[in-house]
Amino acid sequence: MTTSISTASLQNTWARRGVRLVAGLGLAAVLAACSSGVKLDDVPVENRTGSAVNSGGAAGGQGGAVDPRGVSGVSVGGADSAQPAAVARIIYFDYDSFEVKADSAATLEANARYLNANRTRRVNLEGHTDERGGREYNLALGQKRAEAVRRALSLLGVTDAQMEAVSFGEEKPAQVGLDETSFAKNRRVELTYR
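Residues numbered from 1 in each chain as written. Predicted model: local features only at pLDDT ≥ 70, side-chain atom pairs only at ≥ 80, totals over all residues. Heavy atoms only, no water.

(A) Inspection of the overall build of the protein chain at higher detail. A count of helical and extended segments in the protein chain gives four helices and four strands. The buried share of the protein chain, taken over its 194 residues, is 25%. The long-range fraction of contacts in the protein chain, counting pairs at least 24 apart against all pairs at least 6 apart in sequence, stands at 67%. A total accessible area of about 13000 Å² is found for the protein chain, and carbon and sulfur atoms account for 58% of it. (Helix = DSSP H or I, 4+ residues; strand = E, 2+ residues; numbered from the N terminus. Buried < 20%, exposed > 50% of the residue type's maximum accessible area, 1.4 Å probe, protein only. Contact = heavy atoms within 4.5 Å. Areas by Shrake-Rupley, 256 points an atom, 1.4 Å probe, with all protein chains shown as cover.)

(B) Examining the pattern of salt bridges more closely. All told, the structure shown has nine salt bridges when counted by the stated rule. K101 is the partner of D94 in a salt bridge, and the nearest nitrogen-oxygen pair spans 3.4 Å. We classify D94 as partly exposed; its relative accessible area is 41%. The exposure class assigned to K101 is partly exposed, which follows from its relative accessible area of 25%. (Salt bridge = Lys/Arg side-chain N within 4 Å of Asp/Glu carboxyl O.)

(C) How the structure looks around the nonpolar core. Counting 17 residues, the largest nonpolar core has I91, V123, L125, V149 and L153 as its most contacted members. Here this core gets four residues from one element, more than from any other, and that element is helix α3 (residues 135-155). (Core = buried A, V, L, I, M, F, W, Y, C linked by side-chain atoms within 4.5 Å.)

(D) Broad picture of the side chain of E126. Counting through the fold element by element, E126 comes out in strand β2 (residues 123-128). We note that E126 is buried and unpaired, the nearest opposite charge coming from K172 at a distance of 5.9 Å. Reaching out from E126, the side chain makes a polar contact with the side chain of T192 at a distance of 3.3 Å. Sequence-distant contacts of E126, that is, excluding residues within four places in its chain, are made with V166, F168, R188, V189, E190 and T192. (Lys, Arg positive; Asp, Glu negative; His and termini not counted. Polar contact = N/O pair within 3.5 Å; in protein donor to acceptor, adjacent residues only side chain to side chain.)

Structure follows, in structure tokens:
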């Protein structure tokens with residue numbers, strides 16, 4: 001009888017060790033999957049300005065501001081990054097709809113004329129919703145709105161290579177509030193030129 005008790009006890013001990021081993025290996029696998037192989041301190045920096053980079057990291061001959069860490073400022077603007085002047089860039093939608101309304105025709109036509117005249121320009125079609133509805137539903141609705149504007153611009157001659165449809169859902173409201181006026185301002189597609 002003592003032999004069977006010690007054998008059962010031994011089996012129980014080995015079973016507990018096996019469970020611990022499997023749990024430990026599982027934890028190690030999860031931690032390994034969460035780690036990143038990217039070393040943030042060893043990120044290579046490439047100078048694309050054509051000017052020399054001194055030991056402090058500031059680009060020589062560059063007009064941008066330089067902070068004490070050696071990071072040079074970025075100039076925003078210029079003809080290539082500007083939004084088109086005097087062209088509306090927001091298309092509004094009805095509640096729970098991705099149908100482009102007839103009153104948006106003038107805005108779409110003006111943007112299509114600009115993009116057709118400037119074939120190197122690109123535009124992001126950013127779909128937005130109000131905060132009613134679930135997160136996943138709103139992301140899908142924002143994407144459908146952006147795709148509807150993309151189809152409308154495509155029918156007006158804009159190439160697919162010039163447009164990218166993305167959805168922000170309810171994440172970037174134009175106006176914060178829980179009234180219909182705020183909701184109406186948030187149900188939109190913004191045309192952002194890049």
